[in-house]
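Working through the structure, step by step
Residues per chain, in single letters:
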Amino acid sequence: MTSIQVDGLNKCNICPGFTFVATPSRYDSTDVSKEMVDIGLYPDDRQPLAPRDSKSTRATDWSTIDLCIEVKTESQSHDPFDETKDDYLPDSAERKHVLGQILSYSELVFKRQQRTSVFLTLILGNECRILRFDRSGVVVTEKFNYKQTNKLIEFLWRYARLSDAKRGHDPTAE
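Residues numbered from 1 in each chain as written. Predicted model: local features only at pLDDT ≥ 70, side-chain atom pairs only at ≥ 80, totals over all residues. Heavy atoms only, no water.

Things to note about the overall build of the chain
Of the regular secondary structure elements, the chain holds three helices and seven strands. Each helix and strand of the chain, ordered N terminal to C terminal, gives the series α-β-β-β-α-β-β-β-β-α. Taken against the 2.2 N^0.38 rule, which gives 16 Å for 174 residues, the C-alpha radius of gyration of the chain at 16 Å falls within 12% of a compact globule. For the chain, the spread of C-alpha atoms along the three principal axes comes to 45 × 35 × 35 Å. By the burial criterion, 44% of the 174 residues in the chain qualify as buried. Considering only intrachain contacts with a sequence separation of at least 6, the fraction spanning at least 24 residues in the chain is 54%. For the chain, the exposed area adds up to about 9600 Å²; of that, 49% sits on carbon and sulfur atoms. Looking at charge distribution, the chain has the averaged site of its 24 positive side-chain charges lying 4 Å from that of its 27 negative ones. (Helix = DSSP H or I, 4+ residues; strand = E, 2+ residues; numbered from the N terminus. Rg over C-alpha atoms; globule rule 2.2 N^0.38 Å. Buried < 20%, exposed > 50% of the residue type's maximum accessible area, 1.4 Å probe, protein only. Contact = heavy atoms within 4.5 Å. Areas by Shrake-Rupley, 256 points an atom, 1.4 Å probe, with all protein chains shown as cover. Lys, Arg positive; Asp, Glu negative; His and termini not counted. Charge placed at Lys NZ, Arg CZ, Asp CG, Glu CD.)

This is the structure in structure tokens:
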């Protein structure tokens, strides 16, 4: 997904109350890991500030991001889940790297926010997976072609209409 596609998602208003923000090249300055997710879905009133230099992208903000979207150009070589194996764990170094990357993203959100779970959308070429992390593990969908079905758009539409608690925010935290 490019910034043009992010602009298109925002114009369609499929997630009222939220804004998609492309953050592929700037990390959260308050975080030593220097990790950055490609796209974040942020509440309208908590999205990262635009840089003074209008040519730069905004930085990932782990303390306010609601949904992470990671984009990989290739489906097979970047898919961190091997559906041919019982444990789904990858063998190749590239696939292991992507798994570590998305695990790191969920860990950063858990560290910075009071969360019971974290959702992440993983775009793999023309395919997609939706993941839900909690403190005990991850649940992942089968890959689906998001260009030939409306599953991704429907997920985003429904996600934006969930309560804070159902999106993974801890309602008991003070």
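Here we look at the side chain of Q113
Tracing the backbone through its elements, the reader meets Q113 in the loop between helix 2 (93–112) and strand 4 (117–124). Looking at Q113, the relative accessible area reads 10%, which means it is buried. Within the structure, Q113 has its side chain in polar contact with the backbone oxygen of I65 (distance 2.8 Å). If we skip the residues at most four places from it in the chain, Q113 touches W62, S63, T64, I65 and H169. (Polar contact = N/O pair within 3.5 Å; in protein donor to acceptor, adjacent residues only side chain to side chain.)

A short note on the pattern of salt bridges
Pairing of side chains with opposite charge becomes possible as their charged atoms draw close. Taken as a whole and assessed by the stated rule, the structure comprises eleven salt bridges. Between K143 and D79 there is a salt bridge, with its nearest N and O atoms 3.3 Å apart. Linking K143 in the loop between strand 6 (137–140) and strand 7 (144–145) with D79 in the loop between strand 3 (67–72) and helix 2, this pair joins segments that are 64 residues apart in sequence. D79 sits in the buried class, given a relative accessible area of 1%. In this structure, the salt-bridge partner of E107 is K111, at a minimum N-O distance of 3.8 Å. (Salt bridge = Lys/Arg side-chain N within 4 Å of Asp/Glu carboxyl O.)

Digging into the packing of aromatic side chains
Here the distance between the centres and the angle between the planes together describe a pair of aromatic rings. Under the criterion given, the structure shown has four aromatic pairs. Ring centres of F119 and Y159 lie 5.5 Å apart, and the angle between their planes is 75°; this geometry places the pair in the edge-to-face category. Taken together, the residues span a long stretch of sequence, with F119 in strand 4 and Y159 in helix 3 (residues 151–160) at a distance of 40 residues. Y159 shares its class with F119; the two are buried. Three or more aromatic residues joined by ring pairs make a cluster, and in this case those are F119, F155 and Y159. (Phe/Tyr/Trp six-rings, centres within 6.5 Å; stacked < 30°, edge-to-face > 60°.)

Here's the deal with the nonpolar core
Of all hydrophobic cores here, the largest spans 23 residues; its most connected members are C15, F20, L67 and L156. Within the residue set of this core, elements represented by two or more residues are helix 1 (3–12), strand 1 (18–22), strand 2 (39–43), strand 3, strand 4, strand 5 (127–134) and helix 3. Sorting elements by how many residues they give to this core places helix 3 first, with five residues. Apart from residues lying up to four places away in sequence, L67 is in contact with I39, G40, L41, F119, L120, T121, F155, L156 and Y159. Ranked by size, the runner-up nonpolar core spans 19 residues in total, among them V21, Y42, I65 and I102. (Core = buried A, V, L, I, M, F, W, Y, C linked by side-chain atoms within 4.5 Å.)

Describing the environment of G100
Counting through the fold element by element, G100 comes out in helix 2. Between the C-alpha atom of G100 and that of L120, which follows or precedes it by 20 residues, the distance is 14 Å.

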